[in-house]
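Examining the three-dimensional arrangement
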Amino acid sequence: MEITIRKLIGGEAAPMHLLLEADPEEKAIQKYLHKSIVFLAEHQEQTAGVLVLVKRSSTSLEVMNLAVDEAFRGKGIAKKLLARAIIEGETGGYDFLEIGTGNSSLDQLALYQKCGFRMDGIISNYFLDHYDKPIYENGIPCLDMVRLKMSLT
Ligand SMILES: CC(C)(COP(=O)(O)OP(=O)(O)OC[C@H]1O[C@@H](n2cnc3c(N)ncnc32)[C@H](O)[C@@H]1OP(=O)(O)O)[C@@H](O)C(=O)NCCC(=O)NCCS
């Protein structure tokens, strides 16, 4: 399956339906979307996936959102989007790429570590404090944020 990755250009709408699969509250997404670089994965002009990058500091970029359309999952598209984010960080002269996920996001924790991220810390109660509704995945309450980091140097 041919997948191309490109940056969203000014004026184009981001695929909110996909972004909401990774981050359940639109108000949380809107807080970072306006200051981000958005990558789209496309198959024959269909949006298959999205990745959102935000500058966290002068040395670090953060993946704020990553989602692949259900029909396209398991085909390596998230890995391709993460590989593109790594190139963006390297060419931009950043030292680190970071990502945060829920303690209950077991598949995502596997994916990120397969792509080279290492665990770097926990923000206790992050999801309790920042989201209105309780989140459950894999039968586990999502309470804490696991921070992962990759060195780009
Ligand atoms: C998470 C998500 C982006 C993955 O997208 P995808 O395109 O299906 O992922 P890929 O096919 O690129 O890669 C998945 C990799 O993770 C691995 N993986 C997934 N779950 C795993 C598990 N439980 N144990 C071990 N490996 C696992 C796969 O085996 C694969 O690695 P491989 O190529 O070495 O086999 C997609 O499922 C999604 O959009 N989910 C909903 C939104 C979401 O949760 N986003 C992340 C927010 S933190």
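Residues numbered from 1 in each chain as written. Predicted model: local features only at pLDDT ≥ 70, side-chain atom pairs only at ≥ 80, totals over all residues. Heavy atoms only, no water.

An unreviewed UniProt entry annotates the chain as N-acetyltransferase domain-containing protein of Metabacillus indicus.

**Overview of the site of the ligand**
Neighbouring the ligand are 19 residues, the closest being Leu66, Val68, Gly74, Gly76 and Gln108. At 2.9 Å, a side-chain N or O of Lys79 approaches an oxygen atom of the ligand. One of the side-chain nitrogen or oxygen atoms of Lys114 is found 3.1 Å away from a nitrogen atom of the ligand. When the ligand is considered free in solution it has 960 Å² of accessible area, and contact with the protein chains removes 69% of it. Listed by contribution, the elements that provide at least two residues to the shell around the ligand are α1 (16–22), β4 (60–68), α3 (77–91) and α4 (106–114). The element contributing the most residues to the shell around the ligand is α4, with six residues. A class-by-class count of the residues in the shell around the ligand yields nine nonpolar, four polar and six charged. (Near = heavy atom within 4 Å. Polar contact = N/O pair within 3.5 Å; in protein donor to acceptor, adjacent residues only side chain to side chain. Areas by Shrake-Rupley, 256 points an atom, 1.4 Å probe, with all protein chains shown as cover. Helix = DSSP H or I, 4+ residues; strand = E, 2+ residues; numbered from the N terminus. Nonpolar A, V, L, I, M, F, W, Y, C, P; charged D, E, K, R; others polar.)

**Looking at the sheet that holds strand β5 (residues 96–102)**
The sheet built from seven strands is open, its strands ordered β1-β2-β3-β4-β5-β9-β6 with mixed pairing. The sheet is open, and its two borders are formed by β1 (4–7) and β6 (118–123), each paired with just one other strand. Taking the axes of each pair of neighbouring strands and ignoring which way they run, one obtains an average angle of 30 degrees across the sheet. Pairing geometry for β1 and strand β2 (residues 36–43), over four bridges, is antiparallel. Paired with Lys7 across the strands is Phe39, a residue of β2. Packed onto the sheet, α4 meets β4, β5, β6 and β9 (145–151) and runs at close to 165 degrees relative to β5. (Pairing = 2+ DSSP bridges. Axes fitted to C-alpha atoms, helices over the stretch in contact; angles between N-to-C directions. Contact = heavy atoms within 4.5 Å.)

**Topic: the nonpolar core**
Judged by nonpolar contacts, the single largest core of 29 residues is most densely connected at Leu51, Leu66, Leu82, Leu97 and Phe117. Secondary-structure elements contributing two or more residues to this core are β2, β3 (46–57), β4, α3, β5, α4 and β9. Broken down by element, this core gets its largest block of residues, six residues, from α3. Setting aside its immediate chain neighbours within four residues, Leu97 contacts Leu53, Leu61, Val63, Ala85, Ile86, Phe117, Leu148, Lys149, Met150 and Leu152. Listed in part, the 13 residues of the second largest apolar core include Tyr32, Val38, Leu40 and Ala67. (Core = buried A, V, L, I, M, F, W, Y, C linked by side-chain atoms within 4.5 Å. Buried < 20%, exposed > 50% of the residue type's maximum accessible area, 1.4 Å probe, protein only.)

**A closer look at the packing of aromatic side chains**
Counted under the stated rule, the structure contains three aromatic pairs. Here Tyr126 and Phe127 contribute two aromatic rings whose centre-to-centre distance is 5.2 Å and whose plane-to-plane angle is 80 degrees, an arrangement assigned as edge-to-face. Exposure remark for Phe127: the relative accessible area of 12% places this residue in the buried category. Among the aromatic residues, those joined into a cluster by ring pairs are Tyr126, Phe127 and Tyr131. The side chain of Lys149 reaches across the aromatic face of Phe96, ending 4.2 Å from its centre. (Phe/Tyr/Trp six-rings, centres within 6.5 Å; stacked < 30°, edge-to-face > 60°. Lys NZ or Arg CZ within 6 Å of the ring centre and 35° of its normal.)

**Concerning the state of the cysteines**
Tallying each qualifying case throughout the model produces zero disulfides. With no disulfide of its own, Cys115 lies closest to Cys142 among cysteine sulfurs, the gap being 20 Å. (Disulfide = S-S within 2.5 Å.)

**Some thoughts on helix α2 (residues 26–33)**
Three or four residues apart is the spacing at which side chains of an α-helix point the same way, because the helix has 3.6 residues per turn. Of all the positions in α2, only Ala28, Ile29, Tyr32 and Leu33 are classed as buried. Mapping the buried residues of α2 onto a view down its axis gives an arc of 130 degrees, with all of them on the same face. Structurally, α2 contributes buried residues whose contacts are with α1, β2, β3 and β4. (Arc of directions from axis to C-beta.)

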